Amino acid sequence: MQTNAFIEKLFARAKEAGFTACEAFVSESESFSAGVFKGELISYESEDRFGLGFRGLYNGKMGYASTQVLDDDAIELLVGGAKENASLIEDEDRQFLHPGGDDYARIDSWNDGLEQITAAEKIAMARALEEKALGQDGRIEQTDGCQVFSSAGTTTIVNTLGLNVTARGNLLGGYVAPTARDGERVGSGYSLFAAVKPEDIDLEKTAKEAAERAIASMYGDSVPSGHMRALIRPEAAAELLATFSGVFSADAAQKGLSLLKGREGEQVAAKCVTLVDDPHRADSAASSPFDGEGVATARHDIIKDGVLVTLLHNLKTANKQGVKTTANATRSYNSTVGIAPTNFFIQPGACAEEELLAALGDGLIITDVEGLHAGANAISGDFSLSAKGHRVEGGRVVAPVKQITVAGNFFALLKDVEAVGADLRFGYPGGSWFGSPTLLVRALSVAGKDAED
C-alpha cells in the first residue's frame, strides 16, 4: 500500500476507534559504512530502513505504536496498540499535537553530489584515507580503524490537525585512527571528517591531523598533581558539552534531574560564554526546519553572556512551565517524544591561538579526554577523566603530557572560563551535533605523577 493511502486509512480507522486527533511520523533512511585495514576491506554495511510511527489522543492520553509494514493488518495493530498504550498512561501532563501553519525556514540539508558518490568510490576513499595516514610519518605503524560512512534520510510528519511537513538530509564522513611506534614507545591518534558537500571532504587534512596526534601521544610524561590553568581544545570541550547536554533539557529539570531547574535569568557561566542551539546551520546534517513535533525551529541562545536564558523545550514541557517551546522535540518512528539539541555549541570568541597561550602562561593544553561514560555524572556535573595533551610554560608549548587524570565539575567549569577561542569545531556527528572552540579555564584538578607513585 502506498504511504499516503495507508495514512488516510489509518486516520479514518483511528477516528472510528475513538481517537480525537492522531499523527503519522514516517522515516525513510539509508546508511552505508566501509572499513579497511592494510588496504583490505574488512567491514561493509549497507542498509535501507523504513518505519511509520503512529500516535494519537485517546481519552486525553497520548498512545504510541509503530510499524515497518503498510497493510490493513498493520492499521489494526497500530490503532489497537496505541489505544492500549494510552490506557496504561498515568501521567497527568497534557499532551499535544501541533496544528502546523508555521513559517518554516528554508533549509537545504540535501546534496545531490553526495548521493552520486558510489559505494565503490567510498571504499576507495577509505583506502586512500588509510594510505595517506600511513604515509605521513615513518613511525606510523598501522591503523586501529579506518572507515568511511554515509547516511541519507527523509522525515515526514502528517496529522489530523493540518500538519504536513517533510525534510531530508544527507552526510558523508570518515575517520582514521593510526598507531605509531618508536622503539618501546607506542601512541595512537584519531581524526574524523563529516561533510554535507563533496568539496568539504579533505582526506589529507584528516590523515595529517590523526598522524600528528599519534606521534605526539608516544612522547611526554605525566605532571605533578595539583590545580592547573588549562586550555581545553575543541574536540575535548565538545565531548564534555555532549556528555552534560542533558542538564539543559526542560524535561530533565521538571523531573528533578537537572541542577538548572528554575534558574532561568541567573548567571550560570562566565560572561564570555554564550551557548547556542542553532537548527539552521548550513554545514550540518542535524539542521532541520521543524522538530519532532512539526514545530518550526529557530536559533536560540540557551546561555547568553553567562546568563541562562532558557532550557530546551517541547510542547509538553513548555505548556507545563508556561513558556513557548524552543522546538527541541525529538523522536524516531518507534519512540515517544523527547527533547534534544540540534547543533549545540559554545559561540566562538575572537581570541587567536597566540593570545590564548599567552593568557594561559603556565599550565596544560587538554587535547583528549577518555572515560566519559564511566567518569562523568550527568546530573551532578562531576567528572574525573583520563586525559592527554601538552605542557605550557610562559605561553609556549614545551612537551607532550599523558597519563594524567583531570577532575572537576561541569557547572563550575562554565563559570571558570576566562576566554573563548575562535576555532569552533564539531565532534562526531549523530542525531545532535556538539561543538566548541578552545576554552581557557581558570583551574582543573590534575592527578599526575605523585598520584601514581
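Look up a bit, the structure's there.
My aim in this report is to walk through the structure given alongside it, one point at a time.

Parameters and conventions
- Residues numbered from 1 in each chain as written.
- Predicted model: local features only at pLDDT ≥ 70, side-chain atom pairs only at ≥ 80, totals over all residues.
- Heavy atoms only, no water.
- Helix = DSSP H or I, 4+ residues; strand = E, 2+ residues; numbered from the N terminus.
- Rg over C-alpha atoms; globule rule 2.2 N^0.38 Å.
- Contact = heavy atoms within 4.5 Å.
- Areas by Shrake-Rupley, 256 points an atom, 1.4 Å probe, with all protein chains shown as cover.
- Lys, Arg positive; Asp, Glu negative; His and termini not counted.
- Charge placed at Lys NZ, Arg CZ, Asp CG, Glu CD.
- Buried < 20%, exposed > 50% of the residue type's maximum accessible area, 1.4 Å probe, protein only.
- Core = buried A, V, L, I, M, F, W, Y, C linked by side-chain atoms within 4.5 Å.
- Axes fitted to C-alpha atoms, helices over the stretch in contact; angles between N-to-C directions.
- Parallel < 35°, antiparallel > 145°, perpendicular 65-115°, else oblique.
- Left-handed = near helix turned anticlockwise from the far one by under 90°.
- 1 Å grid on protein atoms, 1.4 Å probe; cavity = no way out; pocket = protein on both sides within 12 Å on 5 of 7 lines; lining within 4 Å.
- Points joined across faces, edges and corners; volume = space filled by probe spheres on them.
- Nonpolar A, V, L, I, M, F, W, Y, C, P; charged D, E, K, R; others polar.
- Salt bridge = Lys/Arg side-chain N within 4 Å of Asp/Glu carboxyl O.
- Pairing = 2+ DSSP bridges.

### Details of the overall build of the chain
At step 1: Looking only at helices and strands, the chain has twelve helices and 21 strands in total.
At step 2: Taking 2.2 N^0.38 as the reference for a compact globule, 453 residues should give roughly 22 Å; the C-alpha atoms of the chain span a radius of gyration of 24 Å, in line with that estimate.
At step 3: Reported as C-alpha extents along the three principal axes, the dimensions of the chain are approximately 75 × 55 × 40 Å.
At step 4: Counting only contacts in the chain whose residues sit at least 6 apart along the sequence, the fraction spanning at least 24 positions is 72%.
At step 5: With an accessible surface of roughly 20500 Å², the chain has 48% of that area assigned to carbon and sulfur atoms.
At step 6: For the chain, the distance from the average site of its 42 positive side-chain charges to the average site of its 64 negative ones is 4 Å.

### Quick look at the environment of Leu-241
At step 1: Inspection of the secondary structure puts Leu-241 in helix 6 (residues 234–243).
At step 2: Looking at Leu-241, the relative accessible area reads 3%, which means it is buried.

### What about the nonpolar core?
Within soluble globular proteins, side chains that are nonpolar generally end up buried alongside one another.
At step 1: One finds Phe-248, Ile-366, Ile-404, Val-406 and Leu-444 to be the most contacted residues of the largest nonpolar core, which totals 49 residues.
At step 2: Once residues lying within four places of it in the same chain are set aside, the contact partners of Val-406 are Ile-366, Val-369, Phe-383, Ser-384, Leu-385, Ala-387, Leu-444, Ser-445 and Val-446.
At step 3: Core analysis: the next-biggest nonpolar cluster, separate from the first, contains 22 residues, Ala-17, Tyr-58, Val-79 and Ala-82 among them.

### Overview of the packing of helix 1 (residues 3–16) against helix 2 (residues 72–87)
A packed helix pair is summarised by two numbers, namely the angle formed by the two axes and the spacing between the axes.
At step 1: At a closest axis distance of 10 Å, the pairing of helix 1 and helix 2 adopts a crossing angle of 40°. As far as their axial angle goes, helix 2 and helix 1 are oblique. The chirality of how helix 1 crosses helix 2 is right-handed. For the pair helix 1 and helix 2, the contacting residues are Phe-6, Lys-9, Leu-10, Arg-13 and Ala-14 in the first and Asp-72, Ala-74, Ile-75, Glu-76, Leu-78 and Val-79 in the second.

### So, empty space enclosed by the protein
Left-over empty space is what a probe sized like a water molecule reveals as it rolls over the atoms.
At step 1: All told, the structure shown has two cavities of 30 Å³ or more when counted by the stated rule.
At step 2: In terms of lining residues, the largest cavity is bounded by Ile-232, Ala-237, Leu-240, Leu-241, Ile-346, Phe-410, Leu-413, Leu-414, Val-417 and Leu-439.
At step 3: For the lining of the largest cavity, the residue count by class is ten nonpolar, no polar and no charged.
At step 4: Lining the second largest cavity are Ile-232, Leu-240, Ile-366, Val-369, Phe-383, Leu-385, Val-406 and Leu-444.
At step 5: Tallied by class, residues from the lining of the second largest cavity come to eight nonpolar, no polar and no charged.

### A word on the pattern of salt bridges
Between side chains of opposite charge, a pair can form as their charged atoms come close.
At step 1: Evaluated as defined, the whole model comprises 25 salt bridges.
At step 2: Measuring nitrogen to oxygen at the nearest pair gives 3.0 Å for the salt bridge that ties Arg-13 to Glu-76. Of the two residues, Arg-13 is situated in helix 1 and Glu-76 in helix 2; the sequence distance between them amounts to 63 residues.
At step 3: Its relative accessible area of 42% is what places Glu-76 among the partly exposed residues.
At step 4: With its nearest N and O atoms 2.9 Å apart, the salt bridge here joins Asp-283 to Arg-281.
At step 5: Residues participating in the shared-partner salt-bridge network are Glu-209, Arg-213, Glu-235 and Arg-425.

### As for the pairing of strand 7 (residues 191–195)
Strand residues, when the strand is regular, have side chains that alternate between the two faces of the sheet.
At step 1: Summarising burial for strand 7: four of the five residues are buried, a large majority.
At step 2: Strand direction decides the pairing type here: strand 5 (residues 164–182) and strand 7, joined by five bridges, are antiparallel. Bridge pairing links Val-176 to Ser-191 in strand 7.

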